[in-house]
Amino acid sequence: MYNLLLVDDESSVVETLAVTIPWADIGIGTVHKAFSAKEAIDMMTMHEVDIVITDIHMPVASGLDLVATVQERWKRTKCILLSGHAEFEYAQIGIQNHISGYLLKPVSDEELMVCVQEVVGQIEQESSRNDAYERAMKVLRDHLPRLKGELLHDLLQGKRLSPDKLQEKINLLEVPVTCGDDILMALVRYKEDFTDYNPFEMSLMEFAIGNLATETFESHFQVWQCIDVHDYLVLALIPKRGELPEPRELLVAKLVNQFQLNVQQFLKKRISVLVGQWGVFPDSMTGMYNNLLLVFRRRFGTERDLPVYTMDTSDTVDIHMLNRLYEPPTLMHLMEAGHWEAVEKKLEAALEELELYWAESNEHITEAFFFIFSSFSFIAHKNGKKLSDLIDEDYVKGKELIPSNTVKHLREWVRNVFDKFRVNALQESRTARAGIVMQAQKYMLAHLSQNISLQEISDHLRLHPAYLSRVYKLETGENISEYMTRLKLEKSVQLLTLSTMKIYEISLEIGYQNPNYFNKVFKKHFGLTPQEYRTSKALS
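Below or above, wherever it landed, is the structure these notes cover. As a convention, each chain's residues are numbered from 1 in the sequence order in which they are written. Since the coordinates come from a predicted model, pLDDT governs what is reported: local features require at least 70, and pairs of side-chain atoms require 80 or more to be given and counted, while whole-chain, interface and lining totals use all residues. Side-chain metrics in this entry use all non-hydrogen atoms of the structure; hydrogen atoms and water are not considered.

1. A short note on the overall build of the chain
Tallying secondary structure elements over the chain gives 22 helices and eleven strands in all. Our radius of gyration looks at C-alpha atoms and nothing else; its globule reference is 2.2 Å times the residue count to the power 0.38. Radius of gyration (C-alpha) of the chain: 36 Å, far over the 24 Å computed for a compact globule of 540 residues. Here the C-alpha coordinates of the chain stretch approximately 90 × 85 × 50 Å along the principal axes. Throughout, exposure labels follow a simple rule: accessible area from a 1.4 Å probe, protein chains only, divided by the maximum for the residue type, with under 20% read as buried, over 50% as exposed, and the rest as partly exposed. Per-residue burial for the chain yields a buried fraction of 41% across its 540 residues. When checking whether two residues touch, look at their non-hydrogen atoms; a contact exists if any pair is within 4.5 Å. At a minimum sequence separation of 6, the contacts of the chain that also span at least 24 residues come to 67%. Total accessible area on the chain is roughly 30,300 Å²; 53% of this is exposed by carbon and sulfur atoms. Mean positive and mean negative side-chain charge positions of the chain (58 and 76 charges, respectively) differ by 7 Å. Secondary structure elements are defined from DSSP: runs of H or I of at least 4 residues count as helices, runs of E of at least 2 residues count as strands, and each element is numbered from the N terminus. Computed with the Shrake-Rupley method and a 1.4 Å probe, the accessible areas treat only the protein chains shown as cover for residues. Positive charge is attributed to Lys and Arg, negative charge to Asp and Glu, and no charge count is given to His or to the chain ends. For the purpose of locating charges, the reference atoms are NZ of Lys, CZ of Arg, CG of Asp and CD of Glu.

And the structure:
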């Protein structure tokens, strides 16, 4: 139940409305009364009020003044204006103050009740939306560390996001970084073999080490972390606002050594830490990470009992690799999901990268060809087919490595193969949809005498009603209800022409329990009633 406040300088109006309207019937539990704008504000300071009904013309402060104050101090409270003046300027001012209703005096009880009931509905809808939003935000907060880690992981793997989309995610996940910020990255490897740890124990260990990293670096850095595909802990160190003490390399070395000692002291675990070079967010992320992996292999190898190591400029390598093919989502995942437009864009981006940077490198062209060839093979085999059967002569070209000669050859081969895959996929989709339509029509025909619903048909086919409805419309150009009506009417025409059944019997036979409704539907479709149709056919 909601609380309502009646405001009018005419006490008789307030008293009458308070006692004559059955407020409880429309969701109002308590009715407060005030006889001026000041009294109303005092009342709202002492009591929770959901709806204010106020007269416009009052001495000292008007109802419009009251509404403005209410909207400023109690933003969720709804206001309804009462006025004896049917002048549009009052309505305009009220609308500017986001009022929820505007009624002219004298107002009937019915008008007032309808208006208040609508406002109660608005409050309930907003409350429901707010509850849903709060639940969603709680879930987000509960999973914030994991979601932050997933975003960092995606960026390390080279996932591309538009600047606006990236900033939106950063803001939502409360990551303290903006595009163009300096950033430092470190890799942490455990010196012990944790094969005896179950996944829960391992998660606890990663959480504890991550917390120690945050505590150790918090005086100068924000710590953003994730576990990468190699089970290394990746630390992205983001300087807090303000310049770092110089030389910053010494500060970082001191903090990293302290971090290693803290893990050993508090967790009794030993770690190796590799600190990379400074970069710029987000452009340097993938390159910094790949360099860290490269130096880890070179400097640490399989040896686990190594100290902290900080990369210098001599360790930095210009990595000559194809990026667009390996960025998530992968080519295989896109084809697996049937996102053919995204597949086409990814292939085009990879070919453009080849033309721009590796047009003269037969090695890179061959790498791209084998990657694409294996992706197409994987999808073909996963669908129970052979690649050679799907792409015909292009398979022979692939075996002879013709596409790996030049980017031009590869582009031509990729275009041909992609077109064949897409056509085959679309054909399979159409065949599947046609099968669904046939099953639906068969079921409707078998149950023509029953008033079956879309839900019943969907349940029989084990499909979602919305999906079945969309597929049917795509394949036939008409809705299931339209087809069902047409089917019933066609059957009724046969019975009218070839049988002596009475009209009401035909109506029941085709699933219309109400013969009058059957007459109405029939006449709308044929322009004649069933009896008129039968008579015209008999005469002809």
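From this point, the narrative continues.
2. A few points about the sheet that holds strand β1 (residues 2–7)
Ordered in space as β2-β1-β3-β4-β5, the five strands form an open sheet in which the pairing is parallel. A single partner strand is all that each edge strand has here, and the edge strands are β2 (28–34) and β5 (101–104). Neighbour to neighbour, the strand axes of the sheet diverge by 20 degrees on average, direction disregarded. Along the sheet face, helix α3 (residues 63–73) touches β1, β3 (51–55) and β4 (78–83) and points at about 175 degrees away from the line of β4. We treat two strands as partners when DSSP finds at least two bridges between them. Note on geometry: axes are lines fitted to C-alpha atoms, helical ones only across the stretch in contact, with angles between N-to-C directions running from 0 to 180 degrees.

3. Focus: the pattern of salt bridges
Take a side-chain nitrogen of Lys or Arg and a carboxyl oxygen of Asp or Glu: if they are within 4 Å of each other, that pair is a salt bridge. Taken as a whole, this structure holds 22 salt bridges when the rule is applied. Between Arg 486 and Glu 490 there is a salt bridge whose closest N-O contact spans 3.4 Å. Of the two residues, Arg 486 and Glu 490 are both situated in helix α19 (residues 480–498); the distance of four residues between them amounts to about one turn of the helix. In this structure Glu 490 comes out as partly exposed when scored by relative accessible area, which is 39%.

4. Points about the layout of surface pockets
Taken as a whole, the largest pocket encloses approximately 1,100 Å³ of empty space. With a 1 Å grid spanning the protein atoms alone, the term cavity applies to any set of points in which a 1.4 Å probe fits but cannot get out, the term pocket to an open set with protein on both sides within 12 Å along at least five of seven lines, and the term lining residue to any residue with an atom within 4 Å of a point. Taken together, 39 residues make up the lining of the largest pocket; nearest its centre are Gly 158, Thr 286, Gly 287, Asn 290 and Asn 323. Counting residues per element, the ones that place at least two in the lining of the largest pocket are α6 (144–156), α7 (163–173), α10 (285–300) and α12 (340–357). For the lining of the largest pocket, the leading source of residues is α10, giving ten residues. Grid points are joined across faces, edges and corners, and a volume is the space filled by probe spheres set on the points.

5. Thoughts on the state of the cysteines
The rule for a disulfide is simple: a pair of cysteine sulfur atoms within 2.5 Å. One pass over the full model with this rule turns up zero disulfides. This cysteine, Cys 115, is not joined by any disulfide, and Cys 79 carries the nearest cysteine sulfur, 11 Å off. For Cys 179, which is in no disulfide, the shortest distance to another cysteine sulfur is to Cys 226 and amounts to 18 Å.

6. A short note on the nonpolar core
Of all hydrophobic cores here, the largest spans 32 residues; its most connected members are Leu 354, Phe 376, Leu 410, Trp 413 and Phe 421. Mapped by element, the contributors of at least two residues to this core are α11 (331–336), α12, α13 (362–382), α14 (387–391) and α16 (407–446). At nine residues, the largest contribution of residues to this core is made by α13. If you look at the next biggest cluster of nonpolar residues, it comprises 31 residues, including Leu 140, Leu 151, Leu 166 and Val 177. To form a nonpolar core, buried Ala, Val, Leu, Ile, Met, Phe, Trp, Tyr and Cys residues must be joined to one another through side-chain atoms within 4.5 Å.

7. Thoughts on the packing of aromatic side chains
Put simply, two rings from Phe, Tyr or Trp (the six-membered ring, in Trp's case) pair if the centres are within 6.5 Å, and we call them stacked under 30 degrees between planes, edge-to-face over 60, tilted for the rest. Across all of its chains, the model carries 22 aromatic pairs by this definition. Consider the rings of Phe 369 and Trp 413, whose centres lie 5.2 Å apart with planes at 70 degrees: the pair is edge-to-face. Of the two residues, Phe 369 is situated in helix α13 and Trp 413 in helix α16; the sequence distance between them amounts to 44 residues. With respect to class, Phe 369 is no different from Trp 413; both count as buried. These aromatic residues form a ring-pair network of at least three members: Tyr 512, Tyr 517, Phe 518, Phe 522, Phe 526 and Tyr 533. It is Arg 248 that lies over the ring of Trp 278; its NZ or CZ is 3.9 Å from the centre. Here, a charge over a ring means that NZ of Lys or CZ of Arg falls within 6 Å of the ring centre while also lying within 35 degrees of the ring normal.

8. Regarding the pairing of β3
In the case of a regular strand, side chains alternate between the two sheet surfaces. Burial runs high along β3: five of the five residues are buried. In this sheet, β3 lies alongside β1 in parallel orientation, the contact comprising four bridges. The partner of Leu 4 across the bridge, within β3, is Ile 51. Bridge analysis of β3 against β4 gives five bridges, and the strand direction is parallel.

9. Quick word on the environment of Met 46
Checked against the element boundaries, Met 46 lands in helix α2 (residues 37–46). Along the primary structure Met 46 and Ile 457 are separated by 411 residues, whereas in three dimensions their C-alpha atoms are 58 Å apart.

10. A look at α12
Side chains three or four residues apart in an α-helix point the same way, a direct result of the helix having 3.6 residues per turn. Given a rise of 1.5 Å per residue, 18 residues ought to cover 26 Å, and the 26 Å separating the end C-alpha atoms of α12 matches this to within 8%. Among the residues of α12, those classed as buried are Trp 340, Val 343, Lys 346, Leu 347, Ala 349, Ala 350, Leu 351, Glu 353 and Leu 354. Buried residues along α12 sit against α11, α13 and α16. Helix span, as expected, comes to 1.5 Å for every residue beyond the first.

11. Digging into the pairing of strand β8 (residues 233–239)
Within β8, seven of the seven residues are buried, which leaves it mostly tucked inside the rest of the structure. Side chains of β8 alternate between two faces, with Leu 233, Leu 235, Leu 237 and Pro 239 and Val 234, Ala 236 and Ile 238 buried alike. Here strand β6 (residues 182–190) pairs with β8 via five bridges, running antiparallel. Paired with Leu 184 across the strands is Leu 237, a residue of β8.

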